[in-house]
Amino acid sequence: MPRAVQISEAGGPEVMELRNVPLVEPGPGMVQVENRAIGLNFIDTYHRNGLYPLPLPTGLGTEGAGVVTAVGEGADLAVGDRVAYCSAGIGSYAEVLNLPAARLVKIPEGVDFEIAAAVMLKGQTVEYLLQRCFPLNPGQTCVFHAAAGGVGLLFGQWASALGATVIGTVSSAAKAELARAHGYHHVINYAEQDVAQAVADITGGVGVPVVYDGVGRDTFEASLSCLQPRGMLVSFGNASGAPEPVDLQRLALGGSLYVTRPTLVSYTGSTGELRDSAAAVFERVLDGRLKVEIQQRYPLERIADAHRDLEARRTTGSTVILP
Ligand code: NDP
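Just so you know, these numbers come straight off a predicted model, no measurement behind them. Throughout this document, residue positions are counted from 1 along each chain, in the order its sequence is written. Thresholds applied to this predicted model are a pLDDT of at least 70 for local features of residues and 80 or more for the giving and counting of side-chain atom pairs; totals over whole chains, interfaces and linings are not thresholded and use all residues. Computation of side-chain values: all heavy atoms of the structure, hydrogens and water removed.

## Thoughts on the sheet that holds strand E9 (residues 141-144)
Thought 1: Taken in spatial order, the six strands of this open sheet run E11-E10-E9-E12-E13-E14, and their pairing is parallel. Both outer strands of the open sheet, strand E11 (186-189) and strand E14 (258-260), are each paired with one neighbouring strand and no more. With direction set aside, neighbouring strand axes in the sheet form an average angle of 15°.
Thought 2: What makes two strands pair is DSSP finding at least two bridges between them. Helix and strand labels come from DSSP, where a helix needs a run of H or I of at least four residues and a strand needs a run of E of at least two; each type is numbered from the N terminus. As defined by bridge partners, strand E13 (residues 227-235) adjoins E14 across three bridges and the pair is classed as parallel. Looking across to E14, one finds that methionine 232 is bridged to tyrosine 258.
Thought 3: Strands in contact with helix H4 (residues 173-180) are strand E10 (165-170) and E11; relative to E11, the strand with the most contacts, it is inclined by about 165°.
Thought 4: Contacts between residues were defined by any pair of non-hydrogen atoms, one from each residue, lying within 4.5 Å. Note on method: axes are straight lines fitted to C-alpha atoms, helices fitted across the in-contact stretch only, with angles between N-to-C directions ranging 0 to 180 degrees. Sheet strands in contact with helix H5 (residues 195-202) are E9, E10, E11 and strand E12 (208-213), and its direction is about 155° off that of E11.

Shown next as structure tokens:
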């Protein structure tokens, strides 16, 4: 029987167990995928600790890359296809699993399984944040928190290639150096500096039209304070915990501010959107505009260590789990 990580209760990394799980033949529209690499994402910790509650028991993990080993009726893929996925359901921490064919994309030649698993979810996130959620124009300035993280290193490269001025925040000097090497023009160490003041200094007191904030609770207020009138806070994650409810009066005081709380799944809801977004990511990987930094690798048996390191801010760039 293939092995998969499951939880029977929400909690810390210790609740994850590697179990033998029975696998049925893929049903209509489904395919069976043998994973070659699995992507680690912060959302996996929210599923594990109950911030985003799941019916229990459950598998974990949202991203992976592998080979199609069986095809259900009507599925538009073939045995042997190399595929990647990141919003196809939960349970990618597995050796083998069944997935809906409509939520998979074929990995282009020249991209290996590890790179695909390292870039698919994080790259698609950058694609929709920058191109569709708040489309960033050349000459505009933006702020991105946790610049040396998985999404962060991809964001810096993509945003600077668009011709924007990119300000990143990080918690250490080593992370600042890494961020600068990945497109950030200015890096603020938010462990030492006041972010709103530093952004005011960089922008000559004007502020920025957009802040992309995946840190959440600890940065939310500072993010609002960085915005120029009618600016937008794109609050897309909770690495430090979920932000407090928004006081509409605070948005008025900032000068007619906007706040949006986007999710990847709502920006890749149709198969067309999903595949267009993935194509934009893989195109940039293949032509060298996007360098994918796999900074950590763990075998599936050490998934708890991978979660501990991610939550303790010990990781940078992307992390890949090997089944
Ligand atoms: P990262 O690799 O960026 O890891 C999280 C980083 O957040 C840490 O390395 C750390 O960087 C920073 N951080 C700040 N405060 C804390 C804290 N208290 N605990 C832990 N980390 C903290 O993760 P990902 O790239 O996987 O994801 C980044 C964010 O984007 C997450 O919030 C995730 O949920 C969100 N996301 C949202 C999506 C969406 O569509 N809405 C899709 C994908 C990701 P530092 O040490 O520099 O502060």
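## Regarding the pattern of salt bridges
Thought 1: A carboxyl oxygen of Asp or Glu within 4 Å of a side-chain nitrogen of Lys or Arg is what we treat as a salt bridge. One pass over the structure, following the stated rule, counts 18 salt bridges.
Thought 2: For arginine 3, the salt bridge identified is with glutamate 95, shortest N-O distance 3.0 Å. Within this pair, whereas arginine 3 is found in strand E1 (residues 3-7), its partner glutamate 95 is found in the loop between strand E6 (82-85) and strand E7 (96-100), the two being separated by 92 residues in sequence.
Thought 3: In this structure, the salt-bridge partner of arginine 314 is aspartate 309, at a minimum N-O distance of 2.8 Å.
Thought 4: Buried means the residue's accessible area, taken with a 1.4 Å probe over protein chains only, is under 20% of the maximum for its type, while exposed means over 50%, and partly exposed covers the values in between. Residue class for aspartate 309 comes out buried when judged on its relative accessible area of 17%.

## Thoughts on the layout of surface pockets
Thought 1: What the second largest pocket holds in volume is close to 260 Å³.
Thought 2: Contributing elements (two or more residues each) for the lining of the second largest pocket: E1 and E7.
Thought 3: It is E7 that contributes the most residues to the lining of the second largest pocket, four residues altogether.
Thought 4: Under the scheme applied, nonpolar residues are Ala, Val, Leu, Ile, Met, Phe, Trp, Tyr, Cys and Pro; charged residues are Asp, Glu, Lys and Arg; polar residues are all the others, including Gly. Considering only residue class, the lining of the second largest pocket consists of 14 nonpolar, five polar and no charged. Any residue with an atom within 4 Å of a point lines the site, the site being either a cavity, points on a 1 Å grid over the protein atoms alone where a 1.4 Å probe fits but cannot get out, or a pocket, an open set with protein on both sides within 12 Å along at least 5 of 7 lines. Grid points are joined across faces, edges and corners, and a volume is the space filled by probe spheres set on the points.

## Observations regarding the nonpolar core
Thought 1: Judged by nonpolar contacts, the single largest core of 57 residues is most densely connected at Leu136, Phe155 and Tyr212.
Thought 2: Here the element with the most residues in this core is helix H2 (residues 113-133); it accounts for 13 residues.
Thought 3: Looking at this core, you find at least three residues from each of domain 1 (3-118 + 293-322) and domain 2 (138-261).
Thought 4: Excluding residues that lie within four positions of it along the chain, tyrosine 212 makes contacts with Leu129, Leu130, Phe134, Leu136, Cys142, Val143, Phe144, His145, Phe155, Val234 and Phe236.
Thought 5: Nonpolar cores were defined as sets of buried Ala, Val, Leu, Ile, Met, Phe, Trp, Tyr and Cys residues, with membership established by side-chain atoms within 4.5 Å. Counting 17 residues, the second largest nonpolar core, distinct from the first, contains Ile167, Cys226, Leu233 and Leu257. A domain assignment, automatic or from a database, supplies the domain bounds used here.

## What to know about the packing of H2 against helix H9 (residues 271-286)
Thought 1: H9 packs onto H2 with a crossing angle of 110° between their chain directions and a minimal axis gap of 8 Å. Put simply, H2 runs roughly perpendicular to H9. On H9, the residues touching Ile115, Ala116, Val119, Met120, Gly123, Gln124, Glu127, Gln131 and Arg132 of H2 are Glu273, Leu274, Ser277, Ala278, Ala280, Val281, Phe282, Arg284 and Val285.
Thought 2: A per-class count over the contact of H2 with H9 returns ten nonpolar, four polar and four charged. Comment on the angle field: the value is read as roughly parallel under 35 degrees, roughly antiparallel over 145, roughly perpendicular from 65 to 115, and oblique elsewhere.

## What to know about the packing of aromatic side chains
Thought 1: Between rings of Phe, Tyr and Trp, where Trp is taken as its six-membered ring, a pair exists when centres lie within 6.5 Å; planes separated by under 30 degrees are stacked, by over 60 edge-to-face, and by other angles tilted. Counted according to the given criterion, the structure contains six aromatic pairs.
Thought 2: Pairing phenylalanine 144 with phenylalanine 155 gives two aromatic rings, centres 4.3 Å apart and planes at 25°, and the pair type is stacked. Here the residue phenylalanine 144 occupies a position in strand E9, and phenylalanine 155 occupies one in helix H3 (residues 150-161), the gap between them amounting to eleven residues.
Thought 3: For phenylalanine 155, a relative accessible area of 0% puts it in the buried group.
Thought 4: Taken together through their ring pairs, the aromatic side chains of Phe144, Phe155, Tyr212 and Phe236 make up a single cluster.

## What to know about unusual backbone geometry
Thought 1: Going from leucine 56 to proline 57, the amide bond is cis rather than trans, its omega being -5°.
Thought 2: Looking at where proline 57 falls in the secondary structure, it is placed in the loop between helix H1 (42-49) and strand E4 (58-59).
Thought 3: Despite not being glycine, serine 256 shows a phi value in the positive range, around 55°.
Thought 4: Checked against the element boundaries, serine 256 lands in the loop between helix H7 (248-253) and E14.
Thought 5: With a phi close to 65°, arginine 313 is a non-glycine residue in the positive phi region.
Thought 6: Mapped onto the secondary structure, arginine 313 falls in the loop between helix H10 (303-311) and strand E16 (318-322).
Thought 7: Accessibility expressed as a relative area gives 49% for arginine 313, which makes it partly exposed.

## A few points about the domain arrangement of the protein
Thought 1: By the assigned domains, the protein splits into domain 1 (3-118 + 293-322) and domain 2 (138-261).
Thought 2: Distance between the C-alpha centres of domain 1 and domain 2: 29 Å.
Thought 3: In this complex, domain 1 contributes eleven residues to the contact, which on the side of domain 2 involves 14 residues.
Thought 4: Buried area: the accessible area, evaluated with a 1.4 Å probe, that two parts lose upon being put together, summed over both parts. Where domain 1 abuts domain 2, roughly 890 Å² becomes buried across the two surfaces, and 50% of that area is made up of carbon and sulfur atoms.
Thought 5: At the boundary of domain 1 and domain 2, one finds zero salt bridges.
Thought 6: Each polar contact in these results corresponds to two N or O atoms within 3.5 Å; when the atoms are within protein, one needs to be able to donate a hydrogen and the other to accept it, and residues that are neighboring in sequence are counted only if both atoms are side-chain atoms. Run the count over domain 1 and domain 2 and you get eight residue pairs in polar contact (both at pLDDT 80 or more).
Thought 7: Split into classes, the residues belonging to the side of domain 1 that touches domain 2 amount to four nonpolar, five polar and two charged.

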